[in-house]
Amino acid sequence: MTASETTETATREEPDRPVVELDNVEIVYDRHFLAVQGISMAVDEGDIVALLGPNGAGKSTVLKMISGIGRTERGEVTRGSVVYDGEDVTNDGANEMVDRGVTHILEGRRVFEDLTVEENLRCGLYRGGRRVRFDEDDYRIAFEYFPQLEEILDLKAGYASGGQQQMLVVARALIHRPRLLLLDEPSLGLAPKLVRDIFETLVEINREENITMMIADQNAKRTLETADYGYVMENGQVELHDPADVLVDREEIKEFYLGTSGDSSQYTDIRHYKIRKRWT
Amino acid sequence: MVSAAESATLFQIAVEGVGLGALYALVAMGFALIYKVTGVLNFAQGQIALVGAYLIVLLGTGEAIDWLQVSAPVAVAAAVVVGIVLGILLERVVFRPFIGEPVLSVIIVTLALGGIFSGFVNFLFGQNFKGYPDALVLDWSVGLPLGASIPGSYAIAVLLSLVIVAALMLFFRYTVTGSILRAAASDEQAAMVLGVSIERTIAVAWALSITITTVGGMLLAMSSGGASVSIEDTGIIILAAVVFGGLDSIPGAFVGAIVVGLLRELGSYYFEGGTAIVAPVVDVQLNFGPGFGNILPLILLLVVIVVKPYGLFGTERIERL
Ligand SMILES: Nc1ncnc2c1ncn2[C@@H]1O[C@H](COP(=O)(O)OP(=O)(O)OP(=O)(O)O)[C@@H](O)[C@H]1O
Ligand SMILES: [Mg+2]
């Protein structure tokens, strides 16, 4: 708890210091599976940063080590550093990062299925084991961007549609009022119209609430249209990075749009945490 | 046809079965609660009940350490507090390092823990029956229709386990902590990135579970006037109940425990040599020799595992943690 207080008071002067900065980071799972090798990234305040690349490139791994949840999968930053808001947060746990205002929307739309929509939202009101706020106002930010949710508050989240579940996980994260929001595959398995809606809403949230975002997604085109800056990863390394509008016009990227995504099966095999099917 | 006397006997036996089942229910719910929230299969439940039973001997009779002796009500209250503390301590010291470890290693840890507890109780109190303080030996019983009656300790067990099953259901359904516990149980990582402290929820679950289980152990002892090493066997018997009820369902554990209690009492009365008369309805003499009532629940266990592996109320899922 003290950590969050110090960050909030001590920093914030220099305006263009990145919110997160990865310096030559190497990430290893289970002590010897090298998933990410020596990547550097910087995410500026207020930006939306796209993380692109084929299956198994290491996009999720990067997000998981920023939010700290990677620690529960035996992930470890073995070289380099992760700096958040000027503070070294390398290998810090999920609870600490949540305290600092980092919220991670995990891959696979992980709603709590046997909880109602409202109970799901309510879980967003906790921080470091303490309830932060709890009044109508807390939900307003959720309903403002996802008014549909208000109509299904008592529905079991498991019975909600794929689109509603996606809204729910974003809304649940918003209730946290994060400073940095990490989104892993928000568009996966959604119909094109819903994909467009979700990305539009994300941009709106980014502008209105001043929430910095990192989005890992297979839908490179849509994500780059949304983003300010983009990184393209492959085999655990950053292959390209540029402002999003520059990146869109690069030849390599055009190739990537056409779906030359590499071998996809190896990744799902290793995964031992329960993850819902990737198609709906 | 079954005569009036026979059906009165059947009713009396059934009442005792429900009473016994209610005692098992406390231990069984302790098991289901931990499995539901943390995914740990705690095979030390019987030994924790044993510790609960002997805590009263320790505190209420001055046996083993005489300066510890306090009055019976204080002993009960103190034993409950010890239960809470023991739950938190077990989580902190024993189970926390195993979060995320394979299911099998956690199971082995619970087995070892059970061995340590029963060894410790043996060391302090020996193998002999230890009577409870007079204030806790209930000589009253409650009259019921058909000339039946239910002994005081069973009556308390029935009431208490009903209260606890209702309270736990309301707690999980309607309180914020309850939703958080369910959220953490259904997706630990997703809960963690929302700021839920997994350690804290797990500690709450252990404290609740161990408390309920120690109280169950105390009442089991009360129902026979004192503590004996056989209370340890409850750990195996309740497995039948929780498997029947579906492992992670608290109401399921309750119902399963009542069924097991009924099976034991009816089985011992009607099927065992000596007491066996004529089984009602079937009207034949069955004589299986003593102890048959004890194995009926375990036969049930095997049948349920084969026929309905997720029990009556359980969530169908693969093991986690
Ligand atoms: N929990 C884990 N334990 C061990 N290895 C893992 C784990 N999670 C991911 N990996 C491995 O790390 C590498 C990077 O995986 P990661 O999930 O970060 O890729 P990704 O870019 O997110 O892919 P996708 O597009 O399929 O989501 C892969 O080789 C994967 O097999
Ligand atoms: Mg991924």
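Everything in this summary refers to the structure shown in the same document. (Residues numbered from 1 in each chain as written. Chains lettered and ligands numbered in written order. Predicted model: local features only at pLDDT ≥ 70, side-chain atom pairs only at ≥ 80, totals over all residues. Heavy atoms only, no water.)

1. A short note on helix α6 (residues 176-186) of chain B
To be explicit about the condition: For the exposure calls, accessible area comes from a 1.4 Å probe over protein chains only, and a residue counts as buried if that area is under 20% of its type's maximum, exposed if over 50%, partly exposed in between. Strands are runs of DSSP state E lasting at least two residues, helices are runs of H or I lasting at least four, and both sets are numbered from the N terminus onward. Each polar contact in these results corresponds to two N or O atoms within 3.5 Å; when the atoms are within protein, one needs to be able to donate a hydrogen and the other to accept it, and residues that are neighboring in sequence are counted only if both atoms are side-chain atoms.
Of all 11 residues making up α6(B), 10 are buried, and the element is well covered by its neighbours. A distance of 2.9 Å separates the backbone nitrogen of B:Gly178 from a side-chain oxygen at the start of α6(B), and that oxygen is part of B:Thr175.

2. Topic: the interface of chain A and chain B
Put simply, the rule reads: In this description, contact between two residues means that some pair of their heavy atoms is separated by no more than 4.5 Å. By buried area we mean the combined loss of accessible area, with a 1.4 Å probe, across both parts when two parts are placed together. Each salt bridge in this description consists of a side-chain nitrogen of Lys or Arg and a carboxyl oxygen of Asp or Glu lying within 4 Å of one another.
Chain A puts 30 residues into the contact, and the matching count from chain B is 22 residues. For the chain A and chain B pair, buried surface summed over both sides reaches about 2,300 Å², with 55% attributable to carbon and sulfur atoms. Seen at the junction of chain A and chain B, the total is 2 salt bridges. B:Asp187 is paired through a salt bridge with A:Arg110; the nearest N and O atoms lie 2.8 Å apart. One can count 9 residue pairs in polar contact (both at pLDDT 80 or more) joining chain A with chain B. Breaking the side of chain A that touches chain B down by element, the ones donating at least two residues are α3 (94-99), β6 (102-105), α4 (117-122), β7 (126-127) and α7 (162-174) of chain A. Here the side of chain A that touches chain B takes 3 residues from α3(A), the largest share from any one element.

3. Some details on the coordination of the magnesium ion (ligand 2)
Residues and elements named next belong to chain A. Here is the rule we go by: The rule for donors is simple: an N, O or S atom within 2.8 Å of the metal counts, and for Na, K and Ca the reach is 3.2 Å. Water is not among the atoms, so a site may look short of donors.
Within the first shell, the magnesium ion (ligand 2) binds the protein through Ser60 (OG) and Glu107 (OE), at distances of 1.8 to 2.8 Å. Taken together, the positions of Ser60 in helix α2 (residues 59-67) and Glu107 in the loop between β6 and α4 put the pair 47 residues apart, joining distant regions of the chain. One exposure class covers both Ser60 and Glu107, and it is buried.

4. Here's the deal with the side chain of B:Asn42
Residue and element names in this part refer to chain B. Here Asn42 shows up in the loop between α1 (4-38) and α2 (45-61). Polar contacts involving the side chain of Asn42 include one to the main-chain amide nitrogen of Ala44, which spans 2.9 Å. When sequence neighbours within four positions are dropped, the list of residues in contact with Asn42 reads Phe31, Ile48, Thr110 and Trp206.

5. What about the nonpolar core?
Inclusion rule: Residues belong to a common nonpolar core when they are buried Ala, Val, Leu, Ile, Met, Phe, Trp, Tyr or Cys residues joined through side-chain atoms within 4.5 Å.
By size, the foremost hydrophobic cluster in this structure holds 150 residues, and its most contacted members are A:Phe146 and B:Tyr132. Each residue touching B:Tyr132, except ones within four places of it in the same chain, is listed here: B:Gly52, B:Ala53, B:Ile56, B:Val57, B:Thr61, B:Val137, B:Met218, B:Ala221, B:Met222, B:Gly225, B:Gly226 and B:Ala227. Core analysis: the next-biggest nonpolar cluster, separate from the first, contains 28 residues, A:Leu22, A:Met41, A:Met65 and A:Tyr84 among them.

6. With respect to the sheet that holds strand β12 (residues 237-243) of chain A
Residues and elements named next belong to chain A. Threshold: DSSP bridges decide pairing: two strands pair if at least two such bridges lie between them. Interaxial angles span 0 to 180 degrees and are taken between N-to-C directions of axes, which are lines fitted to C-alpha atoms, for helices over the stretch in contact.
One open sheet accounts for 6 strands, arranged β6-β9-β10-β3-β11-β12; its pairing is mixed. In the strand order of this sheet, the two ends are held by β6 and β12, each with one partner. Pairwise comparison of adjacent strand axes, ignoring direction, gives a mean angle of 15 degrees for this sheet. Here strand β11 (residues 229-234) runs beside β12; their pairing, made up of 6 bridges, is antiparallel. The partner of Glu234 across the bridge, within β12, is Gln237. α2 contacts β3 (48-52), β6, β9 (180-184), β10 (212-216) and β11 of the sheet and is inclined by roughly 150 degrees relative to β9. Helix α8 (residues 192-209) contacts β3, β9 and β10 of the sheet and is inclined by roughly 155 degrees relative to β10.

7. Some words on the site of ligand 1
Residues and elements named next belong to chain A. This is how the line gets drawn: Note on terminology: near, applied to a residue and a molecule or strand, indicates that one of the residue's heavy atoms is within 4 Å of it. Each accessible area value is a Shrake-Rupley result obtained with a 1.4 Å probe; residue values ignore everything except the protein chains displayed when judging cover. Under the scheme applied here, ten amino acids are nonpolar (Ala, Val, Leu, Ile, Met, Phe, Trp, Tyr, Cys and Pro), four are charged (Asp, Glu, Lys and Arg), and all others, including Gly, are polar.
Residues in contact with ligand 1 amount to 19 residues; listed here are only the nearest, Gly56, Ser60, Thr61, Glu107 and Gln218. Interatomic distance of 2.9 Å between a backbone N/O atom of Gly58 and an oxygen atom of ligand 1. In the environment of ligand 1, an oxygen atom lies 2.7 Å from a nitrogen or oxygen atom belonging to the side chain of Glu107. Relative to its unbound accessible surface of 630 Å², ligand 1 loses 97% to contact with the protein. When residues of the shell around ligand 1 are traced back to their parent elements, those giving at least two are β2 (33-43), α2 and α12 (265-270). Looking at the shell around ligand 1 element by element, the count peaks at 4 residues for α2. For the shell around ligand 1, the residue count by class is 7 nonpolar, 7 polar and 5 charged.

8. Things to note about the sheet that holds strand β5 (residues 87-88) of chain A
By way of backbone hydrogen bonds, the strands of a sheet pair with one another, either parallel or antiparallel. Residue and element names in this part refer to chain A. One open sheet holds the 4 strands; their spatial order is β2-β1-β4-β5, and the pairing between them is antiparallel. With one partner strand each, in any of the chains shown, β2 and β5 form the two edges of the open sheet. Bridge count for strand β4 (residues 75-84) against β5 is 2 bridges, and the pairing is antiparallel. Its bridge partner lying in β5, Val83 is registered against Asp88. Docked against the sheet, α2 engages β1 (20-29), β2 and β4, running at close to 110 degrees with respect to β1.

9. Quick look at the pairing of β2(A)
All names here are of chain A. Alignment of β1 against β2, held across 7 bridges, turns out to be antiparallel. Along β2, the bridge assignment pairs Tyr29 with Phe33. Between β1 and β2, which pair antiparallel and follow one another directly, the connecting turn spans 3 residues, one of which, Asp30, has a positive phi of 50 degrees.

10. Re the environment of B:Val142
Residue and element names in this part refer to chain B. In this structure, Val142 sits in strand β2 (residues 141-143). Sequence spacing of Val142 and Ala155 is 13 residues, and the spatial spacing of their C-alpha atoms is 7.4 Å. Residue contacts for Val142: discarding those within four places in its chain leaves Ala148, Ser149, Ile150 and Ala155.

11. A short note on the packing of aromatic side chains
Quick reminder of the rule: Ring pairs shown here join Phe, Tyr and Trp side chains whose ring centres sit within 6.5 Å, with only the six-membered ring taken for Trp; geometry is labelled stacked below 30 degrees between planes, edge-to-face above 60, and tilted in between. Our definition puts a charge over a ring when NZ of Lys or CZ of Arg is within 6 Å of the ring centre and also within 35 degrees of the ring normal.
Enumeration over the complete set of coordinates arrives at 7 aromatic pairs over all chains. Relative to B:Phe43, the ring of B:Phe31 lies with its centre 6.5 Å away and its plane at 55 degrees, an arrangement referred to as tilted. One end of the pair, B:Phe31, is in helix α1; the other, B:Phe43, is in the loop between α1 and α2, with 12 residues separating them in the sequence. The class for B:Phe43 is partly exposed, based on a relative accessible area of 30%. A cation over an aromatic ring shows up here: A:Arg172 above the ring of A:Phe112, its NZ or CZ 4.5 Å from the ring centre. Directly above the aromatic system of B:Phe172 lies the positively charged group of B:Lys36, at a separation of 5.1 Å from the ring centroid.

12. Some words on the packing of helix α3 (residues 72-95) of chain B against helix α4 (residues 103-125) of chain B
Residues and elements named next belong to chain B. Stated formally: Note on angle classes: values under 35 degrees are labelled roughly parallel, values over 145 roughly antiparallel, values of 65 to 115 roughly perpendicular, and the remainder oblique. We call a crossing left-handed when the near helix sits turned anticlockwise from the far one by less than a right angle, and right-handed when that turn is clockwise.
At their nearest, the axes of α3 and α4 sit 12 Å apart, and the two run at 130 degrees to each other. When the interaxial angle is binned, α3 and α4 end up oblique. As for how α3 packs across α4, the hand of that crossing is right-handed. Packed against α3, whose contacting residues are Leu86, Leu90, Val94 and Phe95, the element α4 presents Val106, Val109, Thr110, Leu113 and Phe117 at the interface. Here the residues of the contact of α3 with α4 sort into 8 nonpolar, 1 polar and no charged.

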